[in-house]
Structure formats: structure tokens, C-alpha cells
Amino acid sequence: MAFLTDRKRVSGLGSARSGTGHHWTMTVTSIALLILTPFFLGIIGTGLGSEHGDVIALLSRPIPALVVAAYLIVGSHHLRLGMQIMIEDYTHGMTRKAAIILSTILCYGIALGGLVALIQIAL
Amino acid sequence: MADVNRGNRPLSPHLTIYRPQLNSITSIFIRITGNAMLVSAILVVWWMMAAASGPEYFDTIDGLITSVLGDLVMTLSVLGLWYHALGGVRHLIWDSGHGLDVKTSDRMGWGMIIGSVALTFLTLIAI
């Protein structure tokens, strides 16, 4: 105990100097999502429960495809940062690292899955 | 010098000490709704990928997502999405330096709750 310096005890427990950037990214993405949300809900809401051909026709059109693609990209980024904050608040050590890595893969994986689907539908 | 009383210092009060209030509850639900959106995102993308892979698989997944349970999950997702969006708007207002007094905060808190339910009904009627 006596051999540990104060510098050693606090090392890694302070600011990572990325908080401002994190907050600003959340602000920017949240405004983008606010604009996109009504359109996204309109498109997905129309598609759910429709015939397969109608859904393909809907998601093949450029504007609905653009809205859905933008929503997935911006949304997954926003979701990833939000999940990171929750994980950092409630977990520590190895669990924290593993959870952040997993949630990052999951968030971008979902977005990419949707984008691949959009491309396949458009082709 | 710095080792005096280490690890035995008073902690700031936390959830177990404070009485629940509108601001704390609405804040907790912003976190819950935001993170729960992961499930909604997985379902919607699954449905999109099903549409991409063909009519037969699409019918299975579309049937699943529009079943009673699916409708319930998607309706709750819309409610959570609007709640989270309105909560975000409140944060944007706060970040701009406005509405930080208790009275306005409480008013916006009720606005979020009532507004999200109203917008959910509007969404369900519109689509």
C-alpha cells in the first residue's frame, strides 16, 4: 500500500478526453434522427404487413431507401454511443470491455444487415 | 498525507436515498427506451433481410412481426421511440440553457409522457 503512489492509484480513472466529442456526436445524430423519425416510421409502418412485392417496390424507390439507409447508419451510431454510456455506468473491468466490443459489433452489424438488404432489394 | 481515511470517505447520496421524482423517473426511462430500441432494430432489420431473401421467408417473418405479440412489441417500440425522441428534445432545450428551472422541467416531463402517448396513437392511426 505504502509503495503505491497517488499517481498510480488514479491512473486510468480520469477523463479520457473524449467526453465532449461524445456529447456533440449524440447532439448531432439526435437532430438527424428527429428529422428522419417520422419518415422512417411512415415507410416501415407502411411496409409491415404488406405483400412481399409491395415491400420490394417500396424499398426499391430511392427516397424511402435513402431514409431507411440514413436512419440505420445514424441510428446505429447513436445507439452504439448510448449503449457504451450505459455499459460504462454499470460494469467494470473485463466485463465492461467485452460488453462495449460486443455492443459495437452488434450495432454496426444491424446497420450493415439492413444496408445489405436494401442493396439486394434494389438490385 | 493522501492516505488519510482512504476508502472510508462519505459517498454522495444515490438512488436508494432520494425519493423518486418526475425528473429522475423520466431520465431512467430515456435510458431504458433508448437501449431497448436494440430489440426493435434487430426485428426491423430481420424483416428487411427477410424481404431481400424472398417471398416465402418474408411471409414467415412478416407474419411473426404482425402477430399479436409482434404488434405489441412494435407498438411499444413506437411508444419508446417517441418518448426517447421527446426526451432528447428536452435535453436539446436544456443544453441550449433554457428551461432548467424545476417548474419548466416538470412541465416538459409531463409533456414527454403525454406527448409520446399522443404521437404513438397518431402514428398507429396514420399507418
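What this report covers is the structure whose coordinates are included nearby. (Residues numbered from 1 in each chain as written. Chains lettered and ligands numbered in written order. Predicted model: local features only at pLDDT ≥ 70, side-chain atom pairs only at ≥ 80, totals over all residues.)

On to the overall build of chain B, then. For chain B, the helix and strand inventory stands at four helices and zero strands. Its C-alpha radius of gyration of 21 Å places chain B more than 25% over the 14 Å reference for a compact globule of 127 residues. The C-alpha extent of chain B, read off along each of the three principal axes, is 70 × 40 × 25 Å. For chain B, the proportion of its 127 residues judged to be buried stands at 26%. Considering only contacts in chain B between residues 6 or more positions apart, those separated by 24 or more positions represent 65%. (Helix = DSSP H or I, 4+ residues; strand = E, 2+ residues; numbered from the N terminus. Rg over C-alpha atoms; globule rule 2.2 N^0.38 Å. Buried ≥ 20, exposed ≤ 12 C-beta atoms within 10 Å, placed from the backbone. Contact = placed C-beta atoms within 7 Å.)

Moving on, we come to the overall build of chain A. Across its full length, chain A carries five helices and zero strands. Secondary structure of chain A in N-to-C order comes out as α-α-α-α-α. Taking 123 residues into account, the globule formula puts the C-alpha radius of gyration at 14 Å, and chain A, at 20 Å, lies well above it. Seen along its three principal axes, the alpha-carbon backbone of chain A occupies a region of about 75 × 25 × 20 Å. Put simply, chain A has 123 residues, and 24% of those count as buried. Counting only contacts in chain A whose residues sit at least 6 apart along the sequence, the fraction spanning at least 24 positions is 71%.

Let us now look at the interface of chain B and chain A. Residue-level contacts link 30 residues of chain B with 27 residues of chain A. Going through the elements one at a time, α1 (22-53), α2 (55-65) and α3 (68-95) of chain B are the ones with two or more residues in the side of chain B that touches chain A. By residue number, the principal contributor to the side of chain B that touches chain A is α1(B), which donates 13 residues. Residue composition of the side of chain B that touches chain A, grouped by class: 21 nonpolar, five polar and four charged. (Nonpolar A, V, L, I, M, F, W, Y, C, P; charged D, E, K, R; others polar.)

With that out of the way, let us pick up the packing of helix α2 (residues 19-47) of chain A against α3(B). Between α2(A) and α3(B), the shortest axis-to-axis distance is 10 Å and the interhelical angle comes to 145 degrees. For the pair α2(A) and α3(B), the crossing hand works out as left-handed. Within the contact between the two elements, α2(A) uses A:Thr27, A:Ser30, A:Leu34, A:Thr37 and A:Leu41 and α3(B) uses B:Val78, B:Leu81, B:Ala85, B:Gly88, B:Val89, B:Leu92 and B:Asp95. (Axes fitted to C-alpha atoms, helices over the stretch in contact; angles between N-to-C directions. Left-handed = near helix turned anticlockwise from the far one by under 90°.)

If you look at the biggest cluster of nonpolar residues, it comprises 38 residues, and the most contacted ones within it are A:Val68, B:Met48, B:Ala51 and B:Trp82. Of all the elements in the fold, those that place two or more residues in this core are α2, α3 (52-60), α4 (62-90) and α5 (93-122) of chain A together with α1, α3 and α4 (102-126) of chain B. The element that contributes the greatest number of residues to this core is α1(B), accounting for nine residues. Ignoring any residue separated from it by four or fewer positions in sequence, one finds B:Trp82 in contact with B:Ser116, B:Leu119 and B:Thr120. (Core = buried A, V, L, I, M, F, W, Y, C linked by C-beta atoms within 7 Å.)

With that out of the way, let us pick up the environment of B:Met37. You can see B:Met37 is positioned in helix α1. For B:Met37, a count of 20 C-beta atoms within 10 Å translates into the label buried. Each C-alpha atom of the pair B:Met37 and B:His84 lies 9.6 Å from the other, and the pair is 47 residues apart in sequence. Setting aside chain neighbours within four positions, we find B:Met37 in contact with A:Leu79, B:Gly80 and B:Leu81.

Residue and element names in this part refer to chain B. At a minimum axis separation of 8 Å, α3 and α4 run at an interaxial angle of 140 degrees. Judged by the angle between their axes, α3 and α4 are oblique. In this structure, the crossing between α3 and α4 has a hand that is right-handed. Within the contact between the two elements, α3 uses Thr75, Val78, Leu79, Trp82, Tyr83, Leu86, Gly87 and Arg90 and α4 uses Met108, Met112, Gly115, Ser116, Leu119, Thr120, Thr123 and Leu124. Residues of the contact of α3 with α4, tallied by class, amount to nine nonpolar, six polar and one charged. (Parallel < 35°, antiparallel > 145°, perpendicular 65-115°, else oblique.)

Moving on, we get to the environment of B:Tyr83. Residue and element names in this part refer to chain B. Within the secondary structure, Tyr83 is located in helix α3. The exposure class assigned to Tyr83 is buried, which follows from the 23 C-beta atoms found within 10 Å. As a C-alpha pair, Tyr83 and Leu11 span 72 residues in sequence and 32 Å in three-dimensional space.

Residues and elements named next belong to chain B. The end-to-end C-alpha distance of α4 is 35 Å, a good match for the 36 Å that 25 residues give at a rise of 1.5 Å each. The set of residues buried in α4 consists of Met108, Gly109, Met112, Ser116 and Leu119. Tucked into the core, α4 has its buried residues touching α1 and α3. (Expected span 1.5 Å × (residues − 1).)

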